[in-house]
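Observations on the three-dimensional arrangement
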Amino acid sequence: MIVYHSKNIEEIGARIEWTHFTAGEVEELHAMLHVEPRCELFEGQIARIQQAEKILLEMEDVQGSCIVFKRYFLSDATNQVPVIQERDACTVSYIQQPPLDGSKVAVWLYLQKGTEVKPMNNSTIVRHNGYQHIWTFGLMDSTSATSYMQTWQTLFIYIDILKLFQATLEGNCVRTWFFVRDVDTQYGGLVKSRRECFVEQGLTPETHYIASTGIGGSPYDPKALVQLDSYAMTGFEPQQQRYLYGLSHLNRTIEYGVTFERATLMQYGDRNHVFISGTASINHKGEVMYVGNVQQQTFRMWENVETLLNEGGMSYEDVMQIIVYLRDGADYEMVKGLFDQQFPDIPTVFTLAPVCRPTWLIEMECIAVKKANNDFRDF
C-alpha cells in the first residue's frame, strides 16, 4: 500500500509531496519539491529547494534513504544550471520545462532504502537480490547539426554505457525519456533516427519497443536538440517483463510511425511496477480526440492511462507520481483544478512542455507500484 504525505514549510515557502511504498526488504519513495515564486532571483529559489530537500531527508520515514535520481524542471536551463552550486552524487537530469506554478524550479526525486546505491559517471547503479538497476540521465550530443544525428549519436552513447553492464538496448532497457528542443520542428528527426537505430539493435514491430515519453524540453546545452534519460536493468527473467497496450482505447504506436510501447509491467516476487509512457487524448485509431478542448482531452487522457493501469493489474490508487505536460500555460489553472479534485494526494508537477503533435494540448506520465506474490525473486 502506498502512503501519501505532504508538508508545507511556510518559513521557506516550499512544499514537499512524497509517497512511500514498502514490500519485502526494499522501500521506495517518490517526492516532488515545489517553491513559491516570491519575486526573487533563481539563486533564492534553488537555495529554498535545496533546503526543502534536506528537510525531506530528515523526515522520520525518509531517513536512511539513498537518492537514486533527480530531475530538475527549470525555466531557463542554460543560465540556471551553472548557478546550482550543490552537485548531486546521483544521476541528474536538468531540463528546461518551466514549472507552471510561476516558480523557476521544481524537482522530482526517487529514493530507496534497503539497496546498494552507487553513482557511476552519468548513471546511478542500484543492486539488490541479483538485480542491477541502471538509471542514466542527461545524455546528449551537441556536435551534430540535426535532431536526427544527435538522436543517433546519443543512443549509441547509451548503447556503449549498457555494454559496460553486459546489457543491450533490446534486452535490458525498460524506460526512456526523449526531450526535444522545439518539438514541433525537431521531433520528426528524432522519430526517424530512433526507428532506424532500433531496427539495427533488434527492436521491431515483431519484437517490442520501449516505454517512453517524447516531449518538448530544452537541454541546458544550447547546441543540444535532444536529451535522453533512461532506465535499464539486468538480472531479470524475460517473463518478468510484459508490455501493456490498452487496445480497447489505444493502438500500437508503430501504426502511426513512432516506436515506443504504451506501458511496461515489471514483475517481482514482492511487487509489480508499471511505467506509463507519455499518454495523451488519443483513440484506438491513433487519432487525436477533442481537438482544441483541453478539459475533454484531460478526461480522455485519464481514461487511457486507467486502461493501461488496469491491464497491469493496478489503478490510480497505486500511482506514486505524475508529471503533466501542457502546451499552453494559460490552461494551467483549469487543469490543476481538475487534477486536485481527481488526484489530491499524488505528488504531481505541471510543466510547460509541448506534446509531439500540435493538436495535443496535454500529456501525462506516471509510475505505479503494487504489492504482489509472484514466482520471481523479490525486488
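Since this is a predicted model, take the numbers as computed values, not measurements. (Residues numbered from 1 in each chain as written. Predicted model: local features only at pLDDT ≥ 70, side-chain atom pairs only at ≥ 80, totals over all residues. Heavy atoms only, no water.)

**Observations regarding the side chain of Q267**
As for its position among the elements, Q267 is in strand β15 (residues 263-267). Given the relative accessible area of 15%, Q267 is considered buried. At 3.4 Å, the side chain of Q267 and the backbone oxygen of Q239 are in polar contact. Discounting chain neighbours no more than four positions away, the residues touching Q267 are Q239, Q240, R242, N272, N374 and F376. (Helix = DSSP H or I, 4+ residues; strand = E, 2+ residues; numbered from the N terminus. Buried < 20%, exposed > 50% of the residue type's maximum accessible area, 1.4 Å probe, protein only. Polar contact = N/O pair within 3.5 Å; in protein donor to acceptor, adjacent residues only side chain to side chain. Contact = heavy atoms within 4.5 Å.)

**Concerning the layout of surface pockets**
In this structure, the largest pocket occupies an estimated 490 Å³ of space. R15, E17, H34, K336 and T348 are the residues nearest the centre of the largest pocket, which is lined by 29 residues in total. When residues of the lining of the largest pocket are traced back to their parent elements, those giving at least two are β1 (2-9), β2 (14-23), β3 (26-35), α7 (332-342) and β18 (348-352). At 5 residues, the largest contribution of residues to the lining of the largest pocket is made by β1. Along the lines of polarity and charge, the residues of the lining of the largest pocket split into 15 nonpolar, 6 polar and 8 charged. (1 Å grid on protein atoms, 1.4 Å probe; cavity = no way out; pocket = protein on both sides within 12 Å on 5 of 7 lines; lining within 4 Å. Points joined across faces, edges and corners; volume = space filled by probe spheres on them. Nonpolar A, V, L, I, M, F, W, Y, C, P; charged D, E, K, R; others polar.)

**Some points on empty space enclosed by the protein**
Counting across every chain of the model gives 1 cavity of 30 Å³ or more. Space inside the largest cavity adds up to approximately 80 Å³. Lining the largest cavity are E28, H30, Y110, Q112, H133, W135, Y231, H273, F275, M320, I367 and F379. Where the lining of the largest cavity is concerned, the elements lending two or more residues are β3, β6 (105-113), β9 (131-139) and β16 (271-279). For the lining of the largest cavity, the class distribution of residues is 7 nonpolar, 4 polar and 1 charged.

**A word on the environment of S123**
Within the secondary structure, S123 is located in strand β8 (residues 123-128). On the basis of relative accessibility, which here comes to 2%, the residue S123 falls in the buried class. When the C-alpha positions of S123 and K192 are compared, they lie 26 Å apart, and in sequence the two are 69 residues distant. If we skip the residues at most four places from it in the chain, S123 touches T91, K118, I134, W135, T136 and I161.

**What about the packing of aromatic side chains?**
Any aromatic ring pair is given by two values, namely how distant the centres are and how the planes are angled relative to each other. In the structure shown here, the tally under the stated rule is 23 aromatic pairs. Taking the centre distance of 6.0 Å and the plane angle of 70° together, the rings of F137 and W177 count as edge-to-face. Note that F137 is positioned in strand β9 and W177 in strand β10 (residues 173-180), a separation of 40 residues in sequence. Taking the centre distance of 5.5 Å and the plane angle of 45° together, the rings of Y231 and F275 count as tilted. A residue pair is termed long-range when its members are at least 10 positions apart, and Y231 in strand β13 (residues 226-234) and F275 in strand β16 qualify at 44 residues. Aromatic ring contacts, followed pair by pair, group F69, W108, Y110, W135, F137, W177, Y231 and F275 into a single cluster. The ring of F137 has R71 sitting right over it, with the charged end atom 5.2 Å from the ring centre. A cation over a ring is seen here: R71 above W177, with NZ or CZ 4.7 Å from the ring centre. (Phe/Tyr/Trp six-rings, centres within 6.5 Å; stacked < 30°, edge-to-face > 60°. Lys NZ or Arg CZ within 6 Å of the ring centre and 35° of its normal.)

**A look at the pairing of β2**
Put simply, side chains in a regular strand alternate between the two faces of the sheet. Buried residues dominate β2, accounting for 8 of its 10 residues. Pairing of β1 with β2 involves 8 bridges; the strand directions are antiparallel. Residue pairing for β2: I9 is matched across the bridge by A14. Hairpin geometry of β1 and β2 is characterised by an intervening segment of 4 residues between the two adjacent antiparallel strands and by a positive phi of about 60° at G13. Two elements, β2 and β3, share 10 bridges in a ladder whose sense is antiparallel. From the neighbouring strand, T19 faces β3, where its bridge partner is H30. Linking β2 back to β3 in an antiparallel pair, the connection comprises 2 residues, with G24 at a positive phi of about 60°. (Pairing = 2+ DSSP bridges.)

**Things to note about the pairing of strand β5 (residues 91-96)**
Counting buried residues along β5, 5 of its 6 residues qualify, which places the element largely inside the surrounding structure. Sheet topology note: the strand β4 (residues 66-74)/β5 ladder contains 6 bridges and is parallel. Considered in β5, the bridge of F69 is made with T91. One ladder, built from 2 bridges, connects β5 with strand β12 (residues 218-219); its direction is antiparallel. Looking at β12, one finds that Q96 is bridged to S218.

**Re the nonpolar core**
Counting residues in each nonpolar core, the largest one holds 96 residues, and the members touching the most others are W135, L169, L309, I322, F339 and M364. In contact with I322, other than residues within four places in its own chain, are M32, F339, F343, I346, P347, T348, V349, M364, E365 and C366. Listed in part, the 29 residues of the second largest apolar core include I9, Y72, L74 and L109. (Core = buried A, V, L, I, M, F, W, Y, C linked by side-chain atoms within 4.5 Å.)

**A closer look at the pattern of salt bridges**
Evaluation of the coordinates by the stated rule reveals 16 salt bridges. The partner of D270 in a salt bridge is R271, with the nearest N and O atoms 3.0 Å apart. No difference in accessibility class separates D270 from R271, as the two residues are buried. Salt bridges here are not isolated pairs; linked through shared partners, they connect E28, D270 and R271. (Salt bridge = Lys/Arg side-chain N within 4 Å of Asp/Glu carboxyl O.)

**Re helix α5 (residues 183-200)**
Taking 1.5 Å per residue, 18 residues should reach 26 Å; α5 reaches 25 Å between its end C-alpha atoms and fits that length. Inspection of α5 places V183, Y187, G189, L190, V191, S193, R194, C197 and F198 among the buried residues, and these make up the whole buried set. Contact partners of the buried residues in α5: α3 (147-163), α4 (169-172), β10, β11 (211-216) and β13. Once α5 finishes, G202 follows within two positions and takes phi at roughly 90°, a positive value. (Expected span 1.5 Å × (residues − 1).)

This is a description of form; function is not addressed.
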